[in-house]
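Residues per chain are reported as follows:
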Amino acid sequence: RPHPEPREGELSRETVSRAGQFLSYLIQKHGRNESVLLVAHKKINVATIASCTGADWNSVYDMSKWQNTNVTIIEIDSMGEGEIVLLDDASHLDG
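Just so we're clear, the structure is a prediction, and the values are computed from it rather than from any experiment.

Caption draft 1: Looking closely at the overall build of the protein chain. Counting its regular elements, the protein chain contains three helices and two strands. Projected onto the principal axes, the alpha-carbon positions of the protein chain cover approximately 40 × 35 × 20 Å. Burial statistics for the protein chain: of 95 residues in total, 22% are counted as buried. Considering only contacts in the protein chain between residues 6 or more positions apart, those separated by 24 or more positions represent 47%. For the protein chain, the exposed surface amounts to about 6900 Å²; the carbon and sulfur share of it is 50%.

Caption draft 2: How the structure looks around the pairing of strand S1 (residues 71-76). Pairing geometry for S1 and strand S2 (residues 82-89), over five bridges, is antiparallel. Its bridge partner being in S2, Ile76 is matched across the sheet by Gly82. Linking S1 back to S2 in an antiparallel pair, the connection comprises five residues, with Gly80 at a positive phi of about 85 degrees.

What counts and what doesn't
- Every chain is numbered on its own, with residues counted from 1 as its sequence reads.
- Whole-chain, interface and lining totals are the exception, using all residues; otherwise, since this is a predicted model, local features are given only for residues with pLDDT of at least 70 and side-chain atom pairs are given and counted only at 80 or more.
- Excluded from the side-chain calculations are hydrogens and water; all other atoms, namely the structure's heavy atoms, are used.
- By the criteria applied, helices consist of DSSP H or I runs no shorter than four residues and strands consist of E runs no shorter than two, each listed in order from the N terminus.
- Each residue gets one of three labels from its accessible area relative to the maximum for its type: buried under 20%, exposed over 50%, partly exposed in between, using a 1.4 Å probe on protein chains only.
- Pairs of residues are marked as contacts when any of their non-hydrogen atoms sit within 4.5 Å.
- Note on areas: Shrake-Rupley, 1.4 Å probe, and residue coverage restricted to the protein chains presented here.
- Pairing between strands requires that DSSP locate at least two bridges from one strand to the other.

As structure tokens, then:
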């Protein structure tokens, strides 16, 4: 189901595009053999996953509950394609 777009601010497709541009920058700067930590809010996390996996916004948004302080790991291959290794994990909060 489509999620509503904001009345003001960036549209989902614009956020996905911006996330893709940022990922391209990170790959150019750090190469493909380095690990990079990104800390972000839900909207940019969803956009980043959509951008690097090619999935649409609504599919990614519906993948999970998107808990606060979650950990998501994405591995990007030599072609720039992303694979989700860990999604929305909050087990570190289990004490």
